[in-house]
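Spelled out from the first residue to the last, the chains are:
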Amino acid sequence: MIRNGKRALALTAVAGATVLAIGLTGCSTGGSGSGGSGDGDRALRVWAGSQTPITANYNPFAPTVLHGALGPIYEPLFFYNKTADDKPVGLIGDSFEYNEDGTQITVTIKSGLKWNDGKPLTAKDVAFTFQYEANNPEGNGLVSAEATDDTTVVLTYSAAQYTTEFQRMGSTYILPEHVWADITDFADFANEEPVGSGAYKVQKTTGESYTLVANEEFRDADKLGVKKVQYIAVDNNQTAQDLLAAGKLDWAGMFIPNPDDVTGNGKTDWINTPQDPTVLYTCSNAELGCTGPQTDVAVRQALNVAIDRGTIKDKAFVGLTGDVSPTYALLPRDEKWLADPANEVSPQEANAAEAGKILEAAGYVKGGDGIYAKDGQPVELSLTSVDGWTDYNDAAKLIAEQAAKAGIKVNASTVQWQEFSDARQTGNYQLIVGGMIGTSVADPFQIYRDWFGGTTVESTSKVGEEVPAGRWNFSRYSNPTVDAAIQAAISTNDEAKKKELYATIQSEIVRDLPYIPLVINATQTFYNTKDYTGWPTEEELYAFPPSWGAIAAGYILQHLQPAK
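Attention here is on the structure that accompanies the text. (Residues numbered from 1 in each chain as written. Predicted model: local features only at pLDDT ≥ 70, side-chain atom pairs only at ≥ 80, totals over all residues. Heavy atoms only, no water.)

### Looking at the overall build of the chain
Then, in step 1: On a plain count of helices and strands, the chain comes out with 14 helices and 23 strands.
Then, in step 2: Compactness check: the chain gives a C-alpha radius of gyration of 23 Å against a globular reference of 24 Å for 564 residues, within 12% of the reference.
Then, in step 3: Considered along the principal axes of its C-alpha atoms, the chain spans approximately 70 × 55 × 40 Å.
Then, in step 4: In the chain, which comprises 564 residues, the share counted as buried stands at 57%.
Then, in step 5: Here the chain contributes 43 positive and 71 negative side-chain charges, whose respective centroids are spaced 4 Å apart. (Helix = DSSP H or I, 4+ residues; strand = E, 2+ residues; numbered from the N terminus. Rg over C-alpha atoms; globule rule 2.2 N^0.38 Å. Buried < 20%, exposed > 50% of the residue type's maximum accessible area, 1.4 Å probe, protein only. Lys, Arg positive; Asp, Glu negative; His and termini not counted. Charge placed at Lys NZ, Arg CZ, Asp CG, Glu CD.)

Written out as structure tokens, the structure reads:
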């Protein structure tokens, strides 16, 4: 359900709360550059999750890439609207088609395209991109990528690629060969002066903000209504809320328990689009170096039933989050992919007795302090969330209280964003409250492949090493049964066969719980409707609206116009 103009809250992939002294572009309340109607030259002011200090990094493969790089600067071939089951929209691409057995995709791109440095963008760049190491890890299945002329590229794979359509066509950022051919250490390349095809290019980066300006080489440059976008750094939610209320922030995706606090200024409206799961990441795989009680599946199962999700929804998330399925199918959108109705929704009430039975069956004994232990080691876990992400912080505290009633000790604490990012990338954690990136099409495959594995190599990493680019398997989960089913699902265009494979995946991940599902988090987006038109609305939800949304944010910016 989408809610517009009522209480709701955000997937806090960004959140936080304290006002900084930020040099905002055009913050005056009148005159030139004030952002009044018809002023297309003042900067659209955005918060997309950056905290201070901002570090210039526009590398789309970097875990700390600045949000403005993903969509506004770099683009995939096509845009997919994750809020609906729509046909893809051509960006760089014009059309694509599969051969008879699905092993070959012929892509036609638009003619006359240029990079923002003025050099031609051709099918050779597309072919280079798909062969580039970061996009073509071992097990990817790419046999060849050949530009047959300036606007046609043929991608050939060792197996049919029907199910990976979004990955190939909708989330592979196209790179200029004349820049990236010389970049061999892509993981550490800061790319401070990015050359992209999108509507914007970098003007300036400071520790407090970064500014993008219209790319005069963009294919639709003459249609751009917003000529300048300033992404600011905000260290917490309260700061961003104050800026919104004062009319000094035009677009943000964030948690505000009472939206009326910011919508009363006559400028700001909001929309709620629940899409993405909020979970407990667990570093689950002892064989890859994870340490702690959570590496035991029995502990994860016990914690799963010890959680009172109903209370968490009401107290931490203002009662407006959705119920999450442990299969990670987004319901009701993905209902046809749900194999077992018993797995439709995770338990909503705590069951401490059941948690105790699970632990005792696995050899744990409750001590005099009320905490279970095994071989002298108590079930004591550290749980972190990002400082200032108030809804996640509150959820963590509630989980600690609920776990204690089931004989599990959880120590909740907060960390800064960078520490959170480093911990999940390297596996140096036990539990984290975090968000998962929901599927961009009406099919849970994307989550299964990116978060749970899918290949025997390059799907995750040992603790101490970063997860491979393009993957999100922070739990270090490794299950050959799941891997095989994901690989088989890539190659089938048979819905019945895919359902069988998904049934296998679901039974394994519901049992193993490498990520313990909490809620489908609502996603609040706040935007300035007085000075700008063209935002996604409940009536015309043409894109996922939050400012931090990869790809969609760039697509939205192209639709905005100064109010007349």
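So that's the structure; there's more coming.
### A word on the packing of helix α11 (residues 445-452) against helix α13 (residues 495-512)
Then, in step 1: Two elements in contact, α11 and α13, have axes separated by 12 Å at closest approach and are oriented at 50 degrees. Taken as axis vectors, α11 and α13 run oblique relative to one another. As α11 packs across α13, the resulting crossing turns out to be left-handed. Touching Phe-445, Tyr-448 and Phe-452 of α11 are Tyr-502, Ile-505, Gln-506 and Ile-509, all from α13.
Then, in step 2: Here the residues of the contact of α11 with α13 sort into 6 nonpolar, 1 polar and no charged. (Axes fitted to C-alpha atoms, helices over the stretch in contact; angles between N-to-C directions. Parallel < 35°, antiparallel > 145°, perpendicular 65-115°, else oblique. Left-handed = near helix turned anticlockwise from the far one by under 90°. Contact = heavy atoms within 4.5 Å. Nonpolar A, V, L, I, M, F, W, Y, C, P; charged D, E, K, R; others polar.)

### Overview of the side chain of Thr-239
Then, in step 1: Relative to the assigned elements, Thr-239 resides in helix α4 (residues 237-245).
Then, in step 2: Residue classification places Thr-239 among the buried residues on the basis of a relative accessible area of 0%.
Then, in step 3: Among the polar contacts made by the side chain of Thr-239, one reaches the side chain of Asn-236 at a distance of 2.9 Å. (Polar contact = N/O pair within 3.5 Å; in protein donor to acceptor, adjacent residues only side chain to side chain.)

### Re the pairing of strand β12 (residues 268-272)
Then, in step 1: By the criterion of burial, β12 is predominantly enclosed, with 4 of the 5 residues buried.
Then, in step 2: Of the strand pairs in this sheet, β12 and strand β21 (residues 524-528) are connected by 5 bridges, and their pairing is antiparallel. Along β21, the bridge assignment pairs Ile-271 with Thr-525. (Pairing = 2+ DSSP bridges.)

### Comments concerning the environment of Gly-90
Then, in step 1: By the element assignment, Gly-90 lies in strand β3 (residues 89-90).
Then, in step 2: In this structure the C-alpha to C-alpha distance between Gly-90 and Thr-122, which are 32 residues apart in sequence, comes to 15 Å.
Then, in step 3: Each residue touching Gly-90, except ones within four places of it in the same chain, is listed here: Leu-77, Phe-78 and Lys-110.

### A look at the sheet that holds strand β6 (residues 142-149)
Then, in step 1: Taken together, 4 strands build an open sheet; the order of strands is β4-β5-β7-β6 and the sheet is antiparallel. The sheet is open, and its two edges are formed by β4 (93-98) and β6, each paired on a single side. Direction aside, neighbouring strands of the sheet carry axes that sit 15 degrees apart on average.
Then, in step 2: Across 5 bridges, β4 lies against strand β5 (residues 104-109) in antiparallel orientation. If you follow Phe-96 over to β5, its bridge partner there is Val-107.

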